[in-house]
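Here is how the chains run, residue by residue.
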Amino acid sequence: MLRPRVSLTILIVLSTILVGWTVLSPDEPPTLTVENQDETRYQLTVFTAPNADSPTDVTFQATTKADDRRYVGLADLQSGAVYYNVTLAEKEVRSRQLTVRPTGDTTTTIEAWKPGNTWGYVVEAGDNESIIGSDVITCEREGQRAQVTIVDGFQEQWTTHCA
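In what follows, the accompanying structure is described. Model, not experiment: these values are computed from the prediction.

1. Some thoughts on the state of the cysteines
Here comes step 1: The tally for this structure, following the rule as stated, stands at one disulfide.
Here comes step 2: Shown here is the disulfide that connects Cys139 with Cys162, its sulfur atoms set 1.7 Å apart. Every disulfide takes its handedness from the sign of the S-S torsion; for Cys139 and Cys162 that torsion is 70 degrees, giving right-handed. In this pair, Cys139 is assigned in the loop between strand S9 (131–138) and strand S10 (145–151) and Cys162 in the segment after strand S11 (154–161), connecting sequence segments 23 residues apart.
Here comes step 3: Exposure remark for Cys139: the relative accessible area of 6% places this residue in the buried category.
Here comes step 4: Accessibility expressed as a relative area gives 35% for Cys162, which makes it partly exposed.

Put into structure tokens, the structure is as follows:
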């Protein structure tokens with residue numbers, strides 16, 4: 001009779017610890033890896049947009065080939081049109097820029113991300129040159145990963161994993 005009570009008590013204590021650890025564990029932010037197979041360096045901007053519910057809610061400012069500065073959406077960036085000097089238009093958006101070295105990998109964690117936030121990246125050639133690739137990711141779960149491969153000046157492949 002004593003043995004079942006002890007076992008039940010141990011089970012309740014372990015369950016409480018496990019639930020408490022899960023609730024109190026920090027959110028695991030997304031990671032992005034850019035594999036650069038070129039001899040050229042690229043500029044990477046990663047961002048998190050806390051008030052965007054979908055990729056279409058994120059607005060950028062970009063300079064056109066004619067040197068006009070305009071507001072554009074993700075579809076515009078991915079359309080093949082020539083834009084450069086891309087920045088995020090929303091004030092709530094937090095971003096960070098990194099350099100992707102020639103023939104190397106760059107991995108970064110999007111630290112400002114919180115569950116439910118939209119996040120993404122823009123890869124530009126050199127200093128404020130044309131866009132190589134971009135994406136906006138909406139996934140509410142932790143443990144997200146994205147990988148981009150640049151070959152011959154193009155975003156040849158990209159994958160996202162929503163854990």
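2. Observations concerning the packing of aromatic side chains
Here comes step 1: All told, the structure shown has one aromatic pair when counted by the stated rule.
Here comes step 2: Ring centres 5.8 Å apart and planes at 80 degrees place the aromatic pair Phe47 and Phe60 in the edge-to-face group. One end of the pair, Phe47, is in strand S2 (residues 42–49); the other, Phe60, is in strand S3 (residues 59–64), and 13 residues separate them in sequence. Like Phe47, the residue Phe60 is buried in the burial classification.

3. Thoughts on the sheet that holds strand S8 (residues 118–125)
Here comes step 1: Reading across the sheet, the four strands line up as S6-S2-S8-S9 and stay open at both edges, with antiparallel pairing between neighbours. Of all the strands in the sheet, just strand S6 (94–100) and S9 have a single pairing partner and so form its edges. Along the sheet, successive strands turn relative to each other by an average axial angle of 15 degrees, direction set aside.
Here comes step 2: As paired strands, S2 and S6 are joined by seven bridges and run antiparallel to one another. Bridging from a neighbouring strand, Leu44 pairs with Leu98 of S6.

4. Some points on the side chain of Gln43
Here comes step 1: Secondary-structure assignment places Gln43 in strand S2.
Here comes step 2: Given the relative accessible area of 14%, Gln43 is considered buried.
Here comes step 3: At 3.4 Å, the side chain of Gln43 and the backbone oxygen of Leu98 are in polar contact.

What counts as what
Residue positions are given per chain, counting from 1 as you read along its sequence in written order. Whole-chain, interface and lining totals are the exception, using all residues; otherwise, since this is a predicted model, local features are given only for residues with pLDDT of at least 70 and side-chain atom pairs are given and counted only at 80 or more. Each side-chain value is worked out from all heavy atoms of the structure, with water and hydrogens disregarded. Cysteine sulfur atoms are paired as a disulfide whenever they come within 2.5 Å of each other. To qualify as a helix, a DSSP run of H or I must reach at least 4 residues; to qualify as a strand, a run of E must reach at least 2; elements of each kind are numbered from the N terminus. A 1.4 Å probe rolled over the protein chains alone gives each residue an accessible area, and that area as a share of the maximum for its type sets the label: buried under 20%, exposed over 50%, partly exposed in between. Note on ring pairs: Phe, Tyr and Trp rings are taken, using the six-membered ring of Trp, and paired if centres are within 6.5 Å. Classes follow the plane angle, with under 30 degrees stacked, over 60 edge-to-face and the rest tilted. One requirement defines pairing of two strands: DSSP has to find at least two bridges between them. Here an axis means a line fitted to C-alpha atoms, over the contact stretch when the element is a helix, while the angle between two N-to-C directions is reported on a 0 to 180 degree scale. Polar contacts, as used here, are pairs of N or O atoms within 3.5 Å; protein pairs need one atom able to donate a hydrogen and one able to accept it. Residues neighboring in sequence count only if both atoms are side-chain atoms.

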